[in-house]
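The primary structure of each chain is shown beneath.
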Amino acid sequence: MAEKELFKNDLKYRERKGRKWITMLIGIFVFGLIGWIVLPLFKKLTNSLYDRTGLEKVTTEQFGDVRIADVLTEDIMIVTYDFAGQKPVIFTKYAAKNDPKMNQYIRDAAQASSAAPIYFDPKSIPGISNALIDGGVIANSPSFYSYLHAKYTLKKTKIRMVSIGTGEK
């Protein structure tokens, strides 16, 4: 009787041991496959798609060393978003004249405003933020911000606006 009980327990042990090996092999296969697929995707998500050197070159060629307060128009508005501070940063000629740290190079503000998440790394402007990204995150159409700025900050009654975008209409 004791021999039968030992034999029965031995069979149960071997059966469980076999299932453990199968479970372990399936786990290794599944997690290996997930690691093979997920890790490259994770790397793509944590790195930007494009290098910003081309953008820097173009903005430097077009705008040079001109600061926001030096523009020839009555005012200018460049909308960016401070990802680290979770707030919009709006570069205007009015702000540049009233706050020296807002008088940045137009090229830097344009690079920050063009730093769309995933496509370009955030732009760092000392004194403003380490992570400025595309203003479209907070203002898909910055025309509204421009209108409010002209009406309430600059106290304009007749407002003429040029909005250049990439939309279809």
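Residues numbered from 1 in each chain as written. Predicted model: local features only at pLDDT ≥ 70, side-chain atom pairs only at ≥ 80, totals over all residues. Heavy atoms only, no water.

Caption draft 1: View of the sheet that holds strand β2 (residues 87-92). In spatial order, the strands read β2-β1-β4-β3; together these 4 strands make up an open sheet with antiparallel pairing. The open sheet is flanked by β2 and β3 (123-125), the only strands paired with a single partner. Along the sheet, successive strands turn relative to each other by an average axial angle of 45°, direction set aside. In the sheet, β3 pairs with strand β4 (residues 129-134) via 2 bridges, with the strands oriented antiparallel. Paired with K123 across the bridge in β4 is L132. Sheet strands touched by helix α4 (residues 106-113): β1 (77-82), β2, β3 and β4. Its angle to β1, the strand with the most contacts, is close to 55°. (Pairing = 2+ DSSP bridges. Helix = DSSP H or I, 4+ residues; strand = E, 2+ residues; numbered from the N terminus. Axes fitted to C-alpha atoms, helices over the stretch in contact; angles between N-to-C directions. Contact = heavy atoms within 4.5 Å.)

Caption draft 2: Focus on the packing of helix α2 (residues 53-63) against α4. At their nearest, the axes of α2 and α4 sit 9 Å apart, and the two run at 140° to each other. Here α2 and α4 pass one another in a crossing that is right-handed. Counting all contacts with α2, which are made through L55, E56, T59, T60 and F63, the residues of α4 involved are I106, R107, A110 and Q111. Here the residues of the contact of α2 with α4 sort into 4 nonpolar, 3 polar and 2 charged. (Left-handed = near helix turned anticlockwise from the far one by under 90°. Nonpolar A, V, L, I, M, F, W, Y, C, P; charged D, E, K, R; others polar.)

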